[in-house]
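# Fold and contact review
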Amino acid sequence: MTFGLAHSMVSEPALRFEAVSKSYGAGEPAVTGIDLSVAPGEFVVFLGPSGCGKTTLLSLSAGLIKPTEGRVLLAGAPPVPGQKTAMVFQSFRLLPWKTARDNITFALPHLPPARRRERADEILGFVGLSRVADIYPGALSGGMKQRLALARALAREPDILLMDEPFASLDAQARELMQTELLQLTTKRAATVLFVTHSVDEALLLGDRIFLMSPRPGRIVETIELPFPPDRLSEDPRSHPEFTRLRAHLWDSLRDMVLNDPGSDFYGRGAGERVS
Amino acid sequence: MTALSRIGVLVIFFMAWALASVYAPRGIIPTPEATLQAAQRLWESGQLWTALGDSLTIYGTGLGLAALAGTVIGVLMGAFRPLGRALDVFVYGLAATPRVAFIPLIILLLGLGVEAKTFIVFLGAVMPVIINTYVGVTNADSELIEMARSTGAGGMRIFAHVILPGAVPFLVVGLRLAATIGLINTVVAELYTAVRGLGGLLALYGNTFRMAEYFVIVMTLSLIGVIVTEALRLLENHLVRWRSS
């Protein structure tokens, strides 16, 4: 893992947002005034309630959509879909009519056909799915589907891995296992990761840095450098005293956002009990 | 188990038939034995074969052309949205118009021969294929398309690997409907144009009250229906095998 690079000023940032705003049609922008820079090898988490534009930031990074204002730069150039990034989605998005192996080869059109299969088998082994290579996604469990979706992204050897609430639709146990697995995979193979979640614990467990976002319009309200040692696997950060403090702090911020957001289901619900 | 219960249904059917032939007024329902003998006569005289050949040629050609043209038109309408939006109201309208209404016009244009008959079958069968293919292509999963775009896939690649395979289950439903309508239209065509084939025999024996022969023709038509639908079901199981797993 190349976490050390995260704070070095030598290398060019892997990703850079310069005063980025994105509006869909008229109305309030989905995100506004986004300035950020991600170092190669860094694992950054976008944390925030729904409607804060987290997914929009990933789509902008992937080049799937263009900013309305400002610039997005991937290693100095505007992103082109499928060139330096790979995405992992909450809803897996596997092609149901392709076997596990063919779902991976589909994502590798840039390789010669013979190499694609080789590469797919390699990566299936890497995530422990070799024995289901010829199975259709419909027959796989949720955890296996998400591992396959992750394998499909890793097979492309992206400079930046974009993960959109990838574990949100898994049950608690599968989620915990996948988090550990992701840490293992990114340890074995250095990668810059942009990870979107609305889970405070997940953000604290996985990230080097957390961008706390607030909704309507989506913007970054706080950036937190996490003080935990890079090796999360051998030293669980949940036992760290800072973990508890940050967890409480993040929860408070998120609760305030949700209670004060007219668009949320809980708008105004906490007014009586909280003095602010 | 299913096979056994199906045989059971068949046995009950034959028993009901035998009973009905005894209790119904004379001359309406032939006994199973009489029907079997009629089948033998029709078979040996070669009449059944000729009629079967005529009908199956019309049916097969019309249905085959409908499957081909319907898929192409449906895909084009779905892939080029402005074209689809311009045409779909008219396609739905045409599909809702009883195709029998066009027969006099078709006869004027194509005569009473094989061409007219094939066209009547084609016209009936092509509509469900167009409509279902069109719906299948327009209903493509936008999340999967976004995923494909994120891998850098272009329009052609997305179409071939995401949109078309997603439309196949719809297309198969369209084909099944087309097969049924096509068979109906085969008989209709044979009744309204030059009276030949199985439809011709149906008219001949029906009008002369030769009910045993008439029953043979009816059962031959059901048998064709069963065989074609079963074949299409097998095709569906193969094409959509990813679903059952």
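Scroll up to find the structure this text is about.
Thresholds, definitions, all that
- Residues numbered from 1 in each chain as written.
- Chains lettered and ligands numbered in written order.
- Predicted model: local features only at pLDDT ≥ 70, side-chain atom pairs only at ≥ 80, totals over all residues.
- Heavy atoms only, no water.
- Helix = DSSP H or I, 4+ residues; strand = E, 2+ residues; numbered from the N terminus.
- Buried < 20%, exposed > 50% of the residue type's maximum accessible area, 1.4 Å probe, protein only.
- Contact = heavy atoms within 4.5 Å.
- Buried area = accessible area lost by both parts, 1.4 Å probe.
- Salt bridge = Lys/Arg side-chain N within 4 Å of Asp/Glu carboxyl O.
- Nonpolar A, V, L, I, M, F, W, Y, C, P; charged D, E, K, R; others polar.
- Pairing = 2+ DSSP bridges.
- Axes fitted to C-alpha atoms, helices over the stretch in contact; angles between N-to-C directions.

The next subject is the environment of Val221(A). All names here are of chain A. Looking at the element boundaries, Val 221 is found in strand β9 (residues 219–225). A relative accessible area of 41% means that Val 221 is categorised as partly exposed. Apart from the residues lying within four places of it in its own chain, the contact partners of Val 221 are Leu 212, Met 213, Ser 214 and Met 257.

Moving on, we come to the interface of chain B and chain A. Listed by partner, the interface residues are 18 residues for chain B and 23 residues for chain A. Carbon and sulfur atoms make up 62% of the surface buried where chain B meets chain A, a total of about 2000 Å² over both sides. The tally of links from chain B across to chain A stands at two salt bridges. For Glu143(B), the salt bridge is made with Arg93(A), and the minimal N-O distance between the two is 3.5 Å. It is helix α7 (residues 142–150) of chain B that contributes the most residues to the side of chain B that touches chain A, seven residues altogether. Within the side of chain B that touches chain A, the residues separate by chemical class into seven nonpolar, six polar and five charged.

For the rest of this paragraph, the subject is the sheet that holds strand β8 (residues 209–214) of chain A. All names here are of chain A. Ordered in space as β5-β6-β7-β3-β8-β9, the six strands form an open sheet in which the pairing is mixed. Where the open sheet ends on each side, the last strands, each with one partner, are β5 (85–88) and β9. On average, each strand axis in the sheet is inclined to that of its neighbour by 20°, with strand direction left out of account. As paired elements, strand β6 (residues 160–164) and strand β7 (residues 192–197) share five bridges and run parallel to each other. When the sheet's bridge partners are listed, Leu 161 is paired in β7 with Val 193. The strands touched by helix α1 (residues 54–62) within the sheet are β3 (43–47), β5, β6, β7 and β8, with β6 carrying the most contacts at an inclination of about 150°. The strands touched by helix α4 (residues 142–155) within the sheet are β5 and β6, with β5 carrying the most contacts at an inclination of about 175°.

What follows is about unusual backbone geometry. With a phi close to 45°, Ala75(A) is a non-glycine residue in the positive phi region. Along the chain, Ala75(A) turns up in the loop between β4 (69–74) and β5. Here Ala75(A) falls in the partly exposed class, since its relative accessible area comes to 39%. Located in the positive-phi region is Phe209(B), a residue other than glycine, with phi close to 55°.

A few words now on the pattern of salt bridges. Tallying each qualifying case throughout the model produces 23 salt bridges over all chains. Where Arg210(B) meets Glu213(B), a salt bridge forms, and the shortest distance between an N and an O atom there is 3.4 Å. Exposure remark for Arg210(B): the relative accessible area of 41% places this residue in the partly exposed category. One network of salt bridges, with partners in common, ties together Arg115(A), Glu118(A), Arg119(A), Glu122(A) and Glu157(A).

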